[in-house]
Amino acid sequence: MCGIIAYSGHQAALPILRAGLRRLEYRGYDSAGITLLARSRLQTWRAAGKLDQLESRLPEKNAAKCGMGHTRWATHGAATDENAHPHLSPDGGIAIIHNGIIENAMSLRAALTAEGAVFASDTDSEVLAHLVAQCPADSLLESVRQALTRVHGTFGLVVMDAARPGELVAARNGSPVIIGVGEREMFITSDANAVISHTREVVHLEDGELAALDARGFTLSTMDSAVTSRAPITLDHDAESLSRGGYAHYMLKEIMEQPEALARTLGGRLDRRFNTAHLGGLNLGPRELLDIRRIKILGCGSAYYAGIAGANLVESVARLPATAEPAAEFRYRNPLIEADTLYIVVSQSGETFDTLAALREIRRKGGRVIGVCNVVGSSIAREVEGGIYMHAGPEVSVASTKAFSSMLGCFMLLALQLGRVRDVSPQQGGEMIAALEALPSLVDTALGESDAIAVLAAKYSGIRNAFYIGRTDAFPVALEGAQKLKEISYIHAEAYPASELKHGPLALVDPETPTMVVLPDNNLLPKSLSSLQEIRARKGPVIAVTNADHPEIHALADDVITSPPCHPLLHPLVMGIGLQLFAYHMAVRMGRDVDQPRNLAKSVTVE
Ligand code: F6R
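As the structure is a prediction and not an experimental result, all values here were calculated from the model. (Residues numbered from 1 in each chain as written. Predicted model: local features only at pLDDT ≥ 70, side-chain atom pairs only at ≥ 80, totals over all residues. Heavy atoms only, no water.)

1. Remarks on the pattern of salt bridges
For the structure on display, the rule yields 29 salt bridges. The closest approach of N and O atoms between Arg216 and Asp214, which form a salt bridge, is 2.5 Å. In this structure, the salt-bridge partner of Arg272 is Glu437, at a minimum N-O distance of 3.0 Å. Here Arg272 is found in the loop between strand E16 (270–271) and strand E17 (276–277), whereas its partner Glu437 is found in helix H14 (residues 426–447), with 165 residues between them in sequence. Ionic contacts of the salt-bridge type, sharing partners, join the residues Arg172, Asp207, Arg360 and Glu383 into one network. (Salt bridge = Lys/Arg side-chain N within 4 Å of Asp/Glu carboxyl O. Helix = DSSP H or I, 4+ residues; strand = E, 2+ residues; numbered from the N terminus.)

Here it is, written out as structure tokens:
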């Protein structure tokens, strides 16, 4: 989604903005722009397409020490030069960059047009530049504040005024804005990764808050002009962790670093003494854990699929009814919120709009919500009552891999802790801990199949469609496997519970449509083998993903992706690794833009 980077300080702004925009690229965008302020003049460059287009228009050097840049992911208006940000007021004195959606932009445009205004773009954001210019005040902060009283919608924005060199004003409502605090220099961004090579000290704006800053510091205030203040927090990762580390793609790096990511997710949380997990951030004592009667997990996309796996884990281990639902659907069906249900929102970025909105709706109705998040200090992490940080490290590739696995790791810990205050015995708890301790090395073994899976991808890279099937806890593995394939290779892939195949989709099985069958070594294996027979009978190619050593699998499947044997608790996570690798190698083979697939954004901060 759209990205913001702004700078005021003692250094030349242009190289900092350029590098910041590169850091924002991974979020997905289709145009970009930069405005610099020098000698009381705003200079703006914009270009549709990738950053190289913009780079070709930018000057080599520029002395300005204040400026801002933006990557745009089109919502209102196509991805053109004119619609790229920054947008200017008619006299060119005010420049604005904006993430979010101004819902009353149409009526504001009509009103401004009636007054004689002429617009240079089709965007909702341009009205903001007009409005700020129409609100002269003693300070830029006051002009922005007044302009925002006329606006409905979501925004994370930065404004510059040609008449006030070195000053920047930012505001937030529903779209992240972060201030980076440096030495004689200040930054504004929508994603801390864009400033981390300059500072790890950051302040997150709250909704309804504005910031005014220059090179020396910043002040915070609300829309009602009340002054607020907050000490910076220190980011838990550094610029080094954002590098590709010698890998061809971030996605491959992130797949390969899953053993370390999972070791961090589990680290310090396994309690051998009482054979339980210890998740201090939940802020729930044993009595409160015991009083929980149901679990409802909410997320979007892969986070939702992780939620399905999580609900299965909690229900089977802790014997607590647990379900998962897409966050946006949940919020719009006016759900019953119950006092004895624990609601869990799960999100890598912690900024996904639909998940955040579901969290707010539940809290508004008095429900108790905890979070499973990766990005420390993100909106969701700050608004929940407690939660579990994933500690997976930054995820740059649009297609989520290590974060998905870490989500599952968090749910395993939660299932264990909830189970141990119910009827999981100390002995069973001890077995689960032993299984979890083995998890990083099992994932490492699964990753060892990468070369063999690359060979398989070469064989299947011509396909147009694929099915993914699995039973019970293998179903979310199938869902996530299909999601990865379609996201980065653009091959149409559908996931079904294996039992559902014969109720419809079997009609589409033919020699050109392979089915990936996820076959964990459990008591359902014989039943899954009959699905395999059904596919073979229709001449459908079968790729078995399995950790079972069963002769019939090799006899029936065209190809096999092997996964190491493990405790059933770990099946969904460990067996998913082969499917991540399959999607990755297919996309590479097909020459796709693996880390920045078309149409997608890393963090979906609009509805
Ligand atoms: C899939 C993917 C998306 C995200 C979804 C939620 O590879 O990346 O489906 O999982 O947009 O994102 P978060 O977890 O940041 O809320």
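2. Examining the domain arrangement of the protein
Domain boundaries assigned for the protein yield domain 1 (2–242), domain 2 (246–437) and domain 3 (443–607). Its C-alpha centre places domain 1 at a distance of 43 Å from the equivalent point of domain 3. Taken together, the contact between domain 1 and domain 3 spans 12 residues of the former and 8 residues of the latter. Buried area between domain 1 and domain 3, summed over both chains or domains, comes out near 850 Å², and the portion from carbon and sulfur atoms is 53%. A per-residue breakdown of the area domain 1 buries against domain 3 is headed by Tyr26, Arg27 and Trp73, which together make up 51% of the total. The interface formed by domain 1 and domain 3 holds 0 salt bridges in total. Counting across the interface, domain 1 meets domain 3 through 1 residue pair in polar contact (both at pLDDT 80 or more). In terms of residue class, the side of domain 1 that touches domain 3 is made up of 5 nonpolar, 4 polar and 3 charged. (Domains from an automatic or database assignment. Contact = heavy atoms within 4.5 Å. Buried area = accessible area lost by both parts, 1.4 Å probe. Polar contact = N/O pair within 3.5 Å; in protein donor to acceptor, adjacent residues only side chain to side chain. Nonpolar A, V, L, I, M, F, W, Y, C, P; charged D, E, K, R; others polar.)

3. Re helix H1 (residues 13–24)
Across its 12 residues, H1 extends 16 Å between first and last C-alpha, which sits within 8% of the 16 Å expected from 1.5 Å per residue. Within H1, burial applies to Ala13, Leu14, Ile16, Leu17, Arg18, Gly20, Leu21 and Leu24. (Expected span 1.5 Å × (residues − 1). Buried < 20%, exposed > 50% of the residue type's maximum accessible area, 1.4 Å probe, protein only.)

4. Notes on the sheet that holds strand E20 (residues 341–347)
Paired through their backbone hydrogen bonds, the strands of a sheet run either parallel or antiparallel. In space, the 5 strands of this open sheet follow the order E19-E18-E20-E21-E22, with parallel pairing throughout. Where the open sheet ends on each side, the last strands, each with one partner, are strand E19 (322–326) and strand E22 (386–389). Adjacent strand axes in the sheet meet at a mean angle of 20 degrees, parallel and antiparallel pairs treated alike. Where strand E18 (residues 294–299) lies against E20, 5 bridges are found, and the strand directions are parallel. If you follow Ile297 over to E20, its bridge partner there is Ile344. The strands touched by helix H9 (residues 302–318) within the sheet are E18, E19 and E20, with E19 carrying the most contacts at an inclination of about 170 degrees. On the sheet, helix H13 (residues 402–420) packs against E18, E20, strand E21 (368–373) and E22 and is oriented at approximately 160 degrees with respect to E20. (Pairing = 2+ DSSP bridges. Axes fitted to C-alpha atoms, helices over the stretch in contact; angles between N-to-C directions.)

5. What to know about the side chain of Thr154
As for its position among the elements, Thr154 is in the loop between helix H5 (140–148) and strand E7 (155–161). Its relative accessible area of 13% is what places Thr154 among the buried residues. Residues in contact with Thr154, not counting those within four places in the same chain, are His98, Asn99, Gly100, Ile101, Ile102, Asn173, Gly174 and Phe353.

6. Let's talk about the site of the ligand
The local shell around the ligand holds 15 residues, among which Ser347, Gln348, Ser349, Thr352 and Glu487 are the closest. Separating an oxygen atom of the ligand from a backbone N or O atom of Val398 is a distance of 3.0 Å. In this structure, Gln483 approaches the ligand through a side-chain N or O atom, which is 3.1 Å from an oxygen atom. In isolation the ligand has 410 Å² of accessible area, and contact with the protein removes 91% of it. Among the elements of the structure, H9 and helix H16 (475–489) are those that each provide at least two residues to the shell around the ligand. Classifying every residue of the shell around the ligand by side-chain character gives 5 nonpolar, 8 polar and 2 charged. Residue-level mapping places the shell around the ligand at the junction of two domains, with at least three residues from each of domain 2 (246–437) and domain 3 (443–607). (Near = heavy atom within 4 Å. Areas by Shrake-Rupley, 256 points an atom, 1.4 Å probe, with all protein chains shown as cover.)

7. Description of the packing of H9 against H13
Here H9 crosses H13 at 25 degrees, and the two axes come no closer than 9 Å. Our classification of the angle between H9 and H13 gives roughly parallel. For the element pair H9 and H13, the recorded crossing hand is right-handed. Contacts between H9 and H13 involve Ser302, Ala303, Tyr305, Ala306, Gly307, Ala309, Gly310, Leu313, Val314, Val317 and Ala318 on the former and, on the latter, Phe404, Met407, Leu408, Phe411, Met412, Leu414, Ala415, Leu416, Leu418 and Gly419. Tallied by class, the residues present in the contact of H9 with H13 amount to 17 nonpolar, 4 polar and no charged. (Parallel < 35°, antiparallel > 145°, perpendicular 65-115°, else oblique. Left-handed = near helix turned anticlockwise from the far one by under 90°.)

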